[in-house]
Amino acid sequence: MSTPSMRDARPDDAAALARLHAHAFARGWDAEEFERLLCAPAVRGHVIRSGCQGGIAGFVLSSLVPPEAEILSITISTQVRRQGLGAQLLRHHLHRLAAEGVATSFLEVEEGNKAALRLYERFGYEQVGRRKGYYGAGADALMLRRDF
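Peer 1: What is the right way to read the pairing of strand β3 (residues 56-65) from this model?
Peer 2: Residues in a regular strand project their side chains so that they alternate between the two faces of the sheet. Extensive coverage of β3 is indicated by the burial of eight of its ten residues. As defined by bridge partners, β3 adjoins strand β4 (residues 68-76) across eight bridges and the pair is classed as antiparallel. Of the residues in β4, the one forming a bridge with V60 is I74. Counting the residues in the hairpin turn of β3 and β4 gives two residues.

Next up, the structure:
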């Protein structure tokens, strides 16, 4: 794989983000939802591409109310997972949030998503709560927090 590149997510990325999201989550968001989010003044998004000319390999979106932000969604294409792209993308995103005055980042993750939990732990996220059955029967959401 060539060197990945990152950039701000744009409303015209909505269809590509919806396709990635649909493959990663049981209930994928549609292109209209992504377009709405990407046009919202309080939402920041970044995409990682497989090289300068490559397609979008992953994305992350956060809602900001400085000094806090909440990661709404993050995913990497199944074809390029386990190559460090998620860590690169999250590092870039958190750096950009910090530049906008964010001091605390929150997110929710399914308790059984061990790969995501390992990634978030590496970035200093800690569990601050739990939502029982949030993702369905027996699938709790863990609420995580990271202070910058």
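Next, the rest of the story.
Peer 1: Explain helix α2 (residues 31-39) here, please?
Peer 2: Side chains three or four residues apart in an α-helix point the same way, a direct result of the helix having 3.6 residues per turn. Turning to α2, its buried residues number three or more, namely F34, L37 and L38. The buried side chains of α2 occupy one side of the element, clustering within an arc of 95° when seen end-on. Away from its buried face, by an angle of more than 90 degrees, α2 presents the exposed residues E32, R36 and C39. Packed against the buried residues of α2 are α1 (14-24), β2 (43-49), β3 and β4. At the N-terminal boundary of α2, the capping side chain belongs to D30, with an oxygen 3.2 Å from the backbone nitrogen of E32.

Peer 1: How do you make sense of the nonpolar core when you look at a structure like this?
Peer 2: It is characteristic of soluble globular proteins that their nonpolar side chains tend to be buried jointly. If you look at the biggest cluster of nonpolar residues, it comprises 26 residues, and the most contacted ones within it are L90, V109, Y120, Y125 and L144. Elements with a minimum of two residues in this core: β3, β4, α3 (85-99), β5 (104-110), α4 (114-122) and β7 (141-147). No other element matches the six residues that α3 contributes to this core. Setting aside residues no more than four positions away along its own chain, Y120 makes contact with I74, L90, L107, V109, Y125 and L144.

Peer 1: Which parts of the structure should I look at to understand the sheet that holds strand β6 (residues 126-131)?
Peer 2: As a general point, the strands of a sheet are linked pairwise by backbone hydrogen bonds and lie either parallel or antiparallel. Pairing is mixed in the open sheet, where seven strands are placed in the order β1-β2-β3-β4-β5-β7-β6. Each edge of the sheet is formed by a strand with only one pairing partner; in this case those strands are β1 (5-8) and β6. Sheet twist, expressed as the mean angle between neighbouring strand axes with direction ignored, is 25°. With seven bridges connecting them, β5 and β7 associate as antiparallel partners. Paired with L107 across the bridge in β7 is L144. Lying on the sheet, α1 is in contact with β2, β3 and β4; it crosses β3 at an angle near 95°. Across the face of the sheet, α3 comes into contact with β1, β2, β3, β4, β5 and β7 while running at roughly 145° to β2.

Peer 1: Hey, could you run me through the packing of α3 against α4 in this one?
Peer 2: Think of two packed helices as two axes; the pair is described by the angle between the axes and how far apart they sit. At their nearest, the axes of α3 and α4 sit 11 Å apart, and the two run at 45° to each other. Viewed along their axes, α3 and α4 adopt a mutual orientation that is oblique. Between α3 and α4 lies a crossing whose hand is right-handed. Here G86, A87 and L90 of α3 lie close against α4, whose contacting residues are L119, Y120 and R122. Its residues assigned to classes, the contact of α3 with α4 comprises four nonpolar, one polar and one charged.

Rules behind the numbers
- Residues numbered from 1 in each chain as written.
- Predicted model: local features only at pLDDT ≥ 70, side-chain atom pairs only at ≥ 80, totals over all residues.
- Heavy atoms only, no water.
- Buried < 20%, exposed > 50% of the residue type's maximum accessible area, 1.4 Å probe, protein only.
- Helix = DSSP H or I, 4+ residues; strand = E, 2+ residues; numbered from the N terminus.
- Pairing = 2+ DSSP bridges.
- Arc of directions from axis to C-beta.
- Contact = heavy atoms within 4.5 Å.
- Polar contact = N/O pair within 3.5 Å; in protein donor to acceptor, adjacent residues only side chain to side chain.
- Core = buried A, V, L, I, M, F, W, Y, C linked by side-chain atoms within 4.5 Å.
- Axes fitted to C-alpha atoms, helices over the stretch in contact; angles between N-to-C directions.
- Parallel < 35°, antiparallel > 145°, perpendicular 65-115°, else oblique.
- Left-handed = near helix turned anticlockwise from the far one by under 90°.
- Nonpolar A, V, L, I, M, F, W, Y, C, P; charged D, E, K, R; others polar.

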